Amino acid sequence: MRRNIVHSGADALIYEIRQIVGIAKNIQDLGVPITWENIGDPIQKGEAIVPWMKEIVQGLVQENKSWAYTATQGDEGTRKFLANKVNERGGAQITHDDILFFNGLGDAVAKIFGFMRREARILGPSPAYSTLSSAEAAHSGYEHLTYKLNPDNEWIPDLEDIENKVKYNDSIAGILLINPDNPTGAVYPKEMIHEIVKICEKYDIILICDETYAHVNYSEGGSIHLSEVIGDKVCGFSLRSISKEFPWPGARCGWLEIFNRKNDPVFDRYIKSLLDAKMLEVCSTTLPQLSIPRVYSHPEFIPHLKRRNEKFKKRAEKATRAFDGIAGVKVVQPKGAFYLTVLFEEGALKENMFLPITNVKVKEYVEPLLSKAALDRRFVLHLLASVGICVVPLSSFCCSLNGFRVTLLEEDDSKFDWIYKTLAESISQYLRS
């Protein structure tokens, strides 16, 4: 072509969580049954939607308004309902004009970074959730800027690292938190989030918090929302969704809760640009928006969340115990979300390590993929080819540490036990090879 039409950040658009599916499907076609542990889809892993929730959605389908457009920002009644929920927490107060719906948080993230000045950078966690890190890197055309999550302190952010990076890099316009965290399952204490708010106030930057898993929280302290700690000075917003908590991932329904918008004219204009961009699409999908007040207000919703959290807590405990006594790995028990990160200790992995691959065609297919693979990706590929468990390497989460992420979603108890027993045995065998 006479003009290069490729965006400078195109190479940053990497989503290993789904890209590894292509490799796994090829291995499956060659005769190895695959156990999918790469993506956080509770429905795919066997969770059944509770009947009362289905009845709500079925009833909405019978209402003509669920077939119509909503306002560009989202259904007004739902936005008023959600604004009241935020205000009931007693922290930052908002109106329904501070709620903005998107077709899932993937759509929101694309808009958040797509309509931000390229020179403005957002500092995010490492390990990082791929959608956020890739979008930030693609928007800037540079590698994603990160701060450290400390595995020796339950994957809690390193506050000194955060402040030093903000202080000495004036391109940083904001800090991103994920709470509860994906991929580590960490849940951040209120005091720690307060400290990050102070950093944002000191350096006049925004604070963004991905709260996708706000209601998938089985820590002793429970859920802490950004609205409870951001105060009345710092500008920022939370990312919310029904994908993981109903769960309804196929609804593609997410929204922003925007705080202190009028404190800064630049931030206010930026938020307006997100709304203007949304207007070009008319609106987000109506049906799931309309379901939110009815589901959240149902008398069974809170018990539903409690049962799910108790389930994930038990699985987190069981999964963590599976790795007890294995030299060379570190596992911090998750307190929220539904993932577990297995970290290989420094120097534990070597390039000559392997797992036996009995399927000759699979071995021939995988061997070329190993030549330039990161150390943890080599293990993930061996695991996939040897026992058919599909996990995601930690190095693909914008991270220099070696490890992998696995889910806590398998509903079949015996298969859940098999997955973690097989993972533990495979790690031990690989490290001995």
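Residues numbered from 1 in each chain as written. Predicted model: local features only at pLDDT ≥ 70, side-chain atom pairs only at ≥ 80, totals over all residues. Heavy atoms only, no water.

### What to know about the packing of helix α4 (residues 104–114) against helix α5 (residues 130–140)
Spelled out, the test is: For helices, the fitted axis covers only the stretch in contact; all axes are lines through C-alpha atoms, and the angles between them, taken along N-to-C directions, range from 0 to 180 degrees. Think of it this way: any DSSP run of H or I at least four residues long counts as a helix, any run of E at least two long counts as a strand, and we number them from the N terminus. Relative orientations are named as follows: roughly parallel for angles under 35 degrees, roughly antiparallel for angles over 145 degrees, roughly perpendicular for angles from 65 to 115 degrees, and oblique for any other angle. Two helices crossing with the near one rotated counterclockwise from the far one by less than a right angle form a left-handed crossing, whereas a clockwise rotation gives a right-handed crossing. Throughout, a contact is declared for two residues whenever any of their heavy atoms are within 4.5 Å.
Put simply, α4 and α5 touch, their axes get as near as 9 Å, and they point 25° apart. Between α4 and α5, the angle is such that the two are roughly parallel. For the crossing formed where α4 meets α5, the hand is right-handed. In contact with G106, V109 and F113 of α4, α5 contributes T131, L132, A135, E136 and H139.

### Remarks on the sheet that holds strand β11 (residues 339–344)
For the record, the criterion: A strand pair is defined by DSSP finding two or more bridges across the two strands.
If you trace the 4 strands from one edge of the open sheet to the other, you get β10-β11-β14-β13, paired in antiparallel fashion. Two strands bound the open sheet, and with one partner strand each, they are β10 (329–331) and β13 (392–393). As judged from the 3 bridges shared by β10 and β11, these two strands associate in the antiparallel manner. Across the sheet, residue V329 finds its bridge partner in β11, namely F344. Packing against the sheet, helix α13 (residues 413–432) makes contact with β10, β11 and β14 (403–407), and its axis sits at approximately 170° to β14.

### Re the confidence of the model for the protein
What counts here: The predictor reports its confidence for every residue as pLDDT, a score running from 0 up to 100.
Overall, the predicted model of the protein reaches an average pLDDT of 93, with 96% of residues at or above 70. Throughout residues 10–15 the model reports pLDDT below 50, and contacts reaching past four residues in sequence, or to other chains, amount to 12 contacts.

### Let's talk about the side chain of S133
As a reminder, the rule being used: Under the scheme applied here, a residue whose accessible area is under 20% of the maximum for its type counts as buried, over 50% as exposed, and between as partly exposed, the area being computed with a 1.4 Å probe on protein chains only. A 3.5 Å cut-off defines polar contacts: any pair of N or O atoms within that distance qualifies, except that in protein one atom must be a possible hydrogen donor and the other a possible acceptor, and neighbouring residues in sequence count only when both atoms are side-chain atoms.
Structurally, S133 is set in helix α5. Exposure remark for S133: the relative accessible area of 6% places this residue in the buried category. A distance of 3.3 Å separates the side chain of S133 from the backbone oxygen of S130, its partner in a polar contact. Excluding anything up to four places from it in sequence, S133 contacts A128, H144 and C398.

### Overview of helix α8 (residues 265–279)
As a reminder, the rule being used: In a helix, the anticipated span is given by 1.5 Å times the number of residues less one.
End to end, α8 covers 21 Å across 15 residues, agreeing with the expected 21 Å (1.5 Å per residue, within 8%). For α8, every residue scored as buried is listed here: F267, D268, Y270, I271, S273, L274, L275, A277 and K278. On its buried face, α8 is in contact with β2 (99–102), α4, β7 (206–210), β8 (236–241) and β9 (254–259). Regarding α8, its N-cap is D264, as a side-chain oxygen of that residue lies 2.8 Å from the backbone nitrogen of V266 further along.

### Side note on the UniProt feature "domain: Aminotransferase class I/classII large" (unreviewed entry) in the protein
What counts is decided by this rule: UniProt positions are given in the numbering used here, feature names are shortened, and annotations may be inferred rather than shown by experiment.
With numbering matched to this structure, UniProt assigns "domain: Aminotransferase class I/classII large" (unreviewed entry) to residues 52–410. The distance from the first to the last C-alpha atom of residues 52–410 is 23 Å, and the span holds 39% helix and 16% strand.

### Notes on the sheet that holds strand β4 (residues 146–150)
Within the open sheet, the 8 strands sit side by side as β2-β9-β8-β7-β6-β3-β4-β5. Their pairing is mixed. The open sheet has two edge strands, β2 and β5 (156–157), and neither has a second partner. Where β4 and β5 come together, 2 bridges link them in antiparallel fashion. Pairing of L149 across the sheet is with P157, part of β5. Set on the sheet, α4 makes contact with β2, β3 (121–126), β7, β8 and β9; between it and β8 the angle comes to about 155°.

### Some remarks on helix α6 (residues 159–168)
Spelled out, the test is: Directions pointing from the helix axis toward each C-beta atom define the arc.
Where α6 is concerned, the buried positions are D161, I162 and V166. The arc that holds every buried residue of α6, seen down its axis, measures 125°, which confines them to one face. Seen from the open side of α6, the exposed residues pointing more than 90 degrees away from its buried face are E160 and Y168. Where α6 is buried, its residues meet β3, β4, β5, β6 (172–178) and α7 (190–203). Of the residues flanking the start of α6, the one acting as N-cap is D158, its side-chain oxygen 3.1 Å from the backbone nitrogen of E160.

### Side note on the packing of α6 against α7
The N-to-C vectors of α6 and α7 enclose an angle of 10°; their axes lie 11 Å apart at closest approach. Compared by their axis directions, α6 and α7 come out roughly parallel. Facing L159, I162, E163, V166 and K167 of α6, the residues of α7 in contact are M192, E195, I196, I199, K202 and Y203.

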